[in-house]
Amino acid sequence: MGTYQKPVVFTGHYAAMPPAPQGPPRQIPDDYEKWYTEPIPNNRMLLSIRSGIPKEVNWALERMCRLSHNDQFVLRNILGLTDALIEWPEWYVEKGAEECSQSNLFSMSKTLATQRRHVLEAIFILRNASLNDVNAQFLATDRRTLHFLSKALKNVKADSDANTEFLLHVMDLLHSVVTYFQQASNEYLSTETLIRPLEELAESSNDRTIIITALRTLTHIISLPPNALRLTPNSPALVASVRYLPLLSDAPLITSCLDYMYAHFSHPPMVKAFLHNPSMSGTLKLLVSLLLREQQDGFTSVSLIPESIKSAPAVAITRRLVELSEEDLNRISMIPEPERSYEWMKALFAASDAEEVTQVDFWTLYRETFGMRPDEQQLHPLLSAGDVIKNVSHVFPTAQAMVLPGTPPRFVIKGITRKMVDVTEERFRCYWTRSTCQSYHFQSPKELWAHVVEHINNLSEENAACQWASCQFSSTNLATLIPHSSTHIPSPHPPVKPSSQLENVTLPTTSFPHPSPNPTTRPPPPPPNPEVVYPFASADPPSTSLTTLLIIRVLFRASFAATDSAPRADEDHFGFPGIVEEDSDEEIPDEDEDTKGQRTGRKAFTGVRKLLEDVRVKDTALMAWIGEILDVSIEEKPANV
Ligand SMILES: [Zn+2]
Ligand SMILES: [Zn+2]
């Protein structure tokens, strides 16, 4: 509540009011108390400001700084408040700034420092108030405001913190009121008074905030239609915008630069002139880089063969199903039934309470083993499926045929499983006597080697030929046969996987069993699935990208403008009907300024083609703009030098 005490004695306006009814005090949020903003001549704040009593002035300014952005703070309602407030800034513009800068060298006098604080507070209040349209309109109708603003921009140099703050408020105030100047006092608004000083501030200031605010205010001013005529092709603001454009990571600065450029280029003569600017090509490149920097890429992959391919980790097969050897098969085939089926079961199956074999598999295996023999060996007829299955419980008393419920129900023999054999044991088997040696339960190469040496020792000197599998080595003495035979002994370590073999095995179908007992019979897998991965814009770009795109489009339009001038009459042409050619006697210049500019522009666009190809915009209409630029610039042949 500050130092304010509610007056005890009501006078004047208040005296005419009936006494307020007594009731519980209502809770009013701070700064919304009625008496501060009341439109009466003896407004408490106005009186305090006018009083000249330092304590009162301090209080009023401090309170108004807080009130000024309140929507109930209407300058027009408190008669004389604007005049009272603007006095400080006006003093500062006329001589205060000068005095302050002179005394800045030494410690500033206390009065001067207080004065300057009041200046900053007053301009801050006006700036805040002007954000409310009602106040902006009110300030714009007062010619004093325009004079003050133009003087402020001209006289105050941004060479100290206080001046920078002052100028920022001045520019913000101008931004708010300039729209209404148009209607009120257009004749006072000229290039020299407002636009030129702002352009110079943007161009020459070292202060980032000043540059941003100046460019933003300028953009607003030149966007108002009559002011477009006040633009100059070599505006210092354009120079500044082009200069700061490479600071791509400074979003607020870039935004104001881009906004200014777009407003500037919205006027055809300006963009035509820019085509002649030496920095045009570099600027275009920067604009495209900005698009690339801000785009958000996602990646889509499309598989050309939409069938899923399954791969499984490659595992070494260490166990396989037991198969009947030829010898065993011949032996068992001779036995009459039902003993034959008993022997067959004992050879291939083992009891296992938790496991089961389907009845179909069981019967099929029996039939294929004995039913497919050559006729002369089919000594005994096959048993029926029912008998074979019934015989299981004779060999394996714990096993029994049963039906497992389900859809469809499964017919199984519970309690038996196919016998497995450890493949690793077979690594060290003997292949002597052309693979007919039946010893293969060796645990190491050493044991196998000892066994093979026995074979060799049994040979006679004149018959010293290697008998390992299909080996054709022959020798004249056993002494050379022994070292040769050692080449057939496998390494103690499992074979090393070739480096070209992948970690995964690609299966022919997703349901193909893996690991399979015999991988060499596995059908080949489907061809590899080619995947095409391409990037796309995953999100809409920020607004800076859209402005950039607009600027690029404006430049593009100017560079590739259709030459719509009427054809002239010459040796090959009759000219365009209706056109009276007055200057037909004159020498026709090869190229006018516009054509030259367009040529430079086209060259610049050909230069950024490669960069533009990577630009992706989510919006299809905007993407079509890029496509249009690419299409046209591809037709454009590189200019002959
Ligand atoms: Zn052997
Ligand atoms: Zn050999």
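What you are looking at is a predicted structure, and each value in this text was computed from that prediction instead of being measured. (Residues numbered from 1 in each chain as written. Chains lettered and ligands numbered in written order. Predicted model: local features only at pLDDT ≥ 70, side-chain atom pairs only at ≥ 80, totals over all residues. Heavy atoms only, no water.)

### What to know about the coordination of the zinc ion (ligand 1)
Here comes step 1: Looking at the metal site, the zinc ion (ligand 1) is ligated by Cys430 (SG), Cys437 (SG), His451 (NE2) and His455 (NE2), spaced 1.9 to 2.3 Å from it.
Here comes step 2: Every donor residue of the zinc ion (ligand 1) comes from the same chain, spaced as C-x6-C-x13-H-x3-H. Of this pair, Cys430 sits in the loop between helix H18 (423-426) and helix H19 (432-435) while His451 sits in helix H20 (residues 445-457); the two residues are 21 residues apart in sequence, bridging distant segments of the chain. (Donors = N, O, S within 2.8 Å, 3.2 Å for Na, K, Ca; no water. Helix = DSSP H or I, 4+ residues; strand = E, 2+ residues; numbered from the N terminus.)

### So, the coordination of the zinc ion (ligand 2)
In an ideal tetrahedron of four donors about a metal, each angle is 109.5 degrees. In an ideal octahedron of six donors, the angles are 90 or 180 degrees.
Here comes step 1: At this site the zinc ion (ligand 2) is bound by Cys466 (SG), Cys471 (SG), His484 (NE2) and His488 (NE2), with donor distances of 2.0 to 2.2 Å.
Here comes step 2: Here the zinc ion (ligand 2) binds four donor atoms, and the angle range of 104 to 112° at the metal identifies the geometry as tetrahedral.
Here comes step 3: All donors of the zinc ion (ligand 2) come from a single chain, and their spacing in sequence reads C-x4-C-x12-H-x3-H. Here His488 lies in the loop between helix H21 (478-485) and strand S8 (504-506) and Cys471 lies in the loop between H20 and H21, a separation of 17 residues in the sequence.
Here comes step 4: The class for Cys471 is buried, based on a relative accessible area of 15%. (Tetrahedral: all angles 85-135°; square planar, octahedral: opposite > 155°, others 65-115°. Buried < 20%, exposed > 50% of the residue type's maximum accessible area, 1.4 Å probe, protein only.)

### Some details on the pattern of salt bridges
Oppositely charged side chains are able to pair whenever their charged atoms sit close together.
Here comes step 1: Applying the stated rule across the entire model yields 19 salt bridges.
Here comes step 2: The partner of Asp297 in a salt bridge is Arg616, and the shortest N-O contact between them spans 2.7 Å. Pair noted here: Asp297 is in strand S1 (residues 297-303) and Arg616 is in the loop between helix H24 (609-612) and helix H25 (620-635), with a separation of 319 residues, a long-range link.
Here comes step 3: Ionic pairing is found between Lys346 and Glu343, a salt bridge with its closest N-O pair at 3.7 Å. With a gap of three residues between them, Lys346 and Glu343 both fall in helix H15 (residues 339-348), about one helical turn apart.
Here comes step 4: A relative accessible area of 44% places Lys346 in the partly exposed class.
Here comes step 5: Assessed through its relative accessible area of 27%, Glu343 is described here as partly exposed.
Here comes step 6: Salt bridges linked by common partners bring Asp83, Glu90 and Arg144 together as one network. (Salt bridge = Lys/Arg side-chain N within 4 Å of Asp/Glu carboxyl O.)

### Some thoughts on the packing of helix H2 (residues 54-67) against helix H3 (residues 81-103)
Between two packed helices, both the angle of their axes relative to each other and the distance between the axes serve to describe the pair.
Here comes step 1: Relative to each other, H2 and H3 sit at 105°, their axes nearing to 13 Å. Relative to H3, the element H2 lies roughly perpendicular. When H2 is examined against H3, the residues Val57, Leu61 and Met64 are found in contact with a partner set consisting of Leu81, Leu85 and Trp88. (Axes fitted to C-alpha atoms, helices over the stretch in contact; angles between N-to-C directions. Parallel < 35°, antiparallel > 145°, perpendicular 65-115°, else oblique. Contact = heavy atoms within 4.5 Å.)

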